[in-house]
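What the coordinates show
The lines below spell out each chain.
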Amino acid sequence: SKTGVITNGDDSDDTSGSIDHWVQYFDLSAQQYYYFHKETNTTTWTRPEIVRGVVLLGLTRTGSEYVLEEFKGDEDTASNDAEDDASDEASVDEIESEQVTSTSAVEIPSNFDPQPILNQYKNTLWRWNHPYRIPERTEIWGGIDTPVFWHIPSSGATTVEEIFEHCYHMVIAGTTGSNNDGKIVLKRNITEHLSVYTLEDGAHYLNINLRTPQGINLARTAGLGQSGVADVILTRYIFNAADLFRDTGHTGRCFTFVRHPVDRILSKFHTLKRDKAPEVNDISLDAYAKSEMAESNWMTRMLINATEDDVLTSSHYQAAKEIFGRKCLVGLMDRFEESMGRFSKFFRFESTHSINTHSKGETANFAEERRQCAHKLASTGVNRHKYAKISPDSEAWKELEKKNKYDIELYEYARAIYYQQAVVYEDLL
C-alpha cells in the first residue's frame, strides 16, 4: 500500500519500480521485530541489510506504510538512525541582539563541504518519521528520546515555555526560569552534577543554563544527554544540542515553531522600540532593515553552524534544508494551538510524570487539566503584542526579503512538510 507513505523530508516516493520492499513488524509474544519481504511473501527474524534497491518500511497503527530506512548512497548521512547518541561542543551565546557567532570546531569553508555538518546530526537527532522512544520501552528500542525544542526567536517560544512550566509541569533544561518564577524553594540532586530546582511558582528547571557555550559544555560533561533528567530541552543552538546525545545510545527529537522570517524581524524591531533599546531609538524601520542589526538567514546559519560573516550559497541552504527536513517536527505560528496539540500528542506531554513534575493542585484528572491549561495559554499567548503590518511591496519588506532569501525558502519548505507530517500524528500514536 502507498497510503500514508512518508519520506525523510525530501518529498520523494521510492516505493515503486525495481525495489526490494521489507516491512518491519513487532512480535508481541517474542518481544522482537521480524521482517516481511513483499516481493517473495517470506518472513525472517534477521533485519535486512540496507543496500542499493532495498527499502525498509514501517507500519502505523492504522496499517499505513512509511519509509523507515532506505539506501541513498554515500550522501545519505542519516541512513540508519535506529542507533543514536550524543556529545557537545561550545557554540553561540544567546545574547539579546541574537547575533550568531560560532566557537565550534566545524567551520564553514569557502568551498563548502556539507558532510561534516550533516554528520553532526547523524545518530544524535532521530528522524521525525520514527516512533517516539519512551523510557518504558527501552528494552525494545535500546534507547530513549528527549524532546529538543529549537527556539527560533520571535516564534512563540515564551508561550511554549510557559505551557511546559505551568501546564505540563515539566523539568526544563535550557534556562533557569524567569524573574516571575521566584526564588528556588527546593533542590533535588539527581546525579553528582545535575540537580533540579523547583521555584516559587512551581516551575522545575535543571541547574545548568544551556543558553551559553559554557552551559552546553557543562551539560555535556554532566551527562545530560543520557541522564533522562530533563523532560524537554530548550535551545536556539540546535547544531550544538545535537552533540549532547553523541555516543550515549540516546537521541534528541527536534521540534519547533516557524514564522515568516520577515514577520519575525519586524516583531524584533518593534520589541526593541517598545523596550526603548538605545540602538533603535532614532532609527526608522527602513534604516533598520538596511542595517547590520537586521538578521540575515538566521535559521539557515544556525542549522549549519555558520557565522554572520559566512557568505551563504545554495549549497549551504540545501544542507540546512536536508537537516531540517529529516530531523524536525514542525509547528506553525499561524496554527499555534493545532501545532501544540500535535506536539503534546506525539511526545505524550499530557501524561508526563518525571522525577518531580507532580503539581500540588493536580487531581486524578490531571491529563484533562493539563490539556485545558495548554489550550488556554495557546489561544491567548504570552508576551504577544500587536504592531502595524507592512506591505510586501514596501522598501523595508523588500530589503529584509533580500537579506533572508534562504530562510524564506526554508520557511516555505517547513510549511509544506507541516502537512506531510500530519500522517505521524494521525497514525503513529
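First things first, this report covers the structure right here in the doc. All figures in this text were calculated on a predicted structure; none of them were measured in a lab.

Summed over the entire model, instances satisfying the criterion amount to 12 salt bridges. Taking the shortest distance from any N to any O, the salt bridge between Asp-243 and Arg-246 comes out at 3.0 Å. On the basis of relative accessible area, Arg-246 is assigned to the partly exposed category, the value being 21%. Among the salt bridges present, the one from Lys-290 reaches Glu-395, with a minimum N-O distance of 2.5 Å. Of this pair, Lys-290 sits in helix α8 (residues 285-290) while Glu-395 sits in helix α13 (residues 395-403), placing them 105 residues apart in sequence. For Lys-290, a relative accessible area of 47% corresponds to the partly exposed category.

Core analysis: the biggest nonpolar cluster contains 53 residues, and Tyr-121, Trp-150, Leu-224, Ile-233, Leu-303 and Phe-324 have the highest contact counts within it. Broken down by element, this core gets its largest block of residues, 7 residues, from helix α14 (residues 405-420). Contacts of Ile-233, omitting those with residues within four sequence positions, involve Thr-146, Pro-147, Val-148, Phe-149, Ala-173, Leu-210, Leu-224, Leu-244 and Phe-245.

Under the counting rule described, the total for this entry stands at 2 disulfides. At a sulfur-sulfur separation of 2.0 Å, the disulfide partner of Cys-167 is Cys-373. On the S-S bond that ties Cys-167 to Cys-373, the torsion sits near -70°, and the link is left-handed. You can see Cys-167 sitting in the loop between α3 (157-166) and β7 (171-174) and its partner Cys-373 sitting in helix α12 (residues 366-380), a full 206 residues away along the chain. Given a relative accessible area of 1%, Cys-167 falls into the buried group. Residue classification places Cys-373 among the partly exposed positions, given a relative accessible area of 24%. Between the sulfur atoms of Cys-254 and its disulfide mate Cys-328 the distance is 2.1 Å.

Looking now at the pairing of strand β10 (residues 204-209). Pairing of β7 with β10 involves 3 bridges; the strand directions are parallel. Bridge pairing in β10 places Val-171 opposite His-204. Where strand β9 (residues 195-199) lies against β10, 3 bridges are found, and the strand directions are antiparallel. When the sheet's bridge partners are listed, Thr-198 is paired in β10 with His-204. With antiparallel pairing between neighbouring strands as the criterion, β9 and β10 make up a hairpin whose turn holds 4 residues, including Gly-202 at a positive phi of roughly 95°.

With that settled, the discussion passes to the sheet that holds strand β13 (residues 328-332). Taken in spatial order, the 8 strands make up an open sheet running β8-β9-β10-β7-β11-β6-β12-β13, and their pairing is mixed. Both edges of this open sheet fall to β8 (184-189) and β13, since each of them pairs with a single strand only. Strand after strand, the sheet turns through a mean of 30° between neighbouring axes, direction not considered. Sheet topology note: the strand β6 (residues 145-150)/strand β11 (residues 232-235) ladder contains 3 bridges and is parallel. If you follow Val-148 over to β11, its bridge partner there is Ile-233. Along the sheet face, helix α10 (residues 314-327) touches β6, β12 (251-258) and β13 and points at about 85° away from the line of β13.

What counts and what doesn't
- Residues numbered from 1 in each chain as written.
- Predicted model: local features only at pLDDT ≥ 70, side-chain atom pairs only at ≥ 80, totals over all residues.
- Heavy atoms only, no water.
- Salt bridge = Lys/Arg side-chain N within 4 Å of Asp/Glu carboxyl O.
- Buried < 20%, exposed > 50% of the residue type's maximum accessible area, 1.4 Å probe, protein only.
- Helix = DSSP H or I, 4+ residues; strand = E, 2+ residues; numbered from the N terminus.
- Core = buried A, V, L, I, M, F, W, Y, C linked by side-chain atoms within 4.5 Å.
- Contact = heavy atoms within 4.5 Å.
- Disulfide = S-S within 2.5 Å.
- Pairing = 2+ DSSP bridges.
- Axes fitted to C-alpha atoms, helices over the stretch in contact; angles between N-to-C directions.

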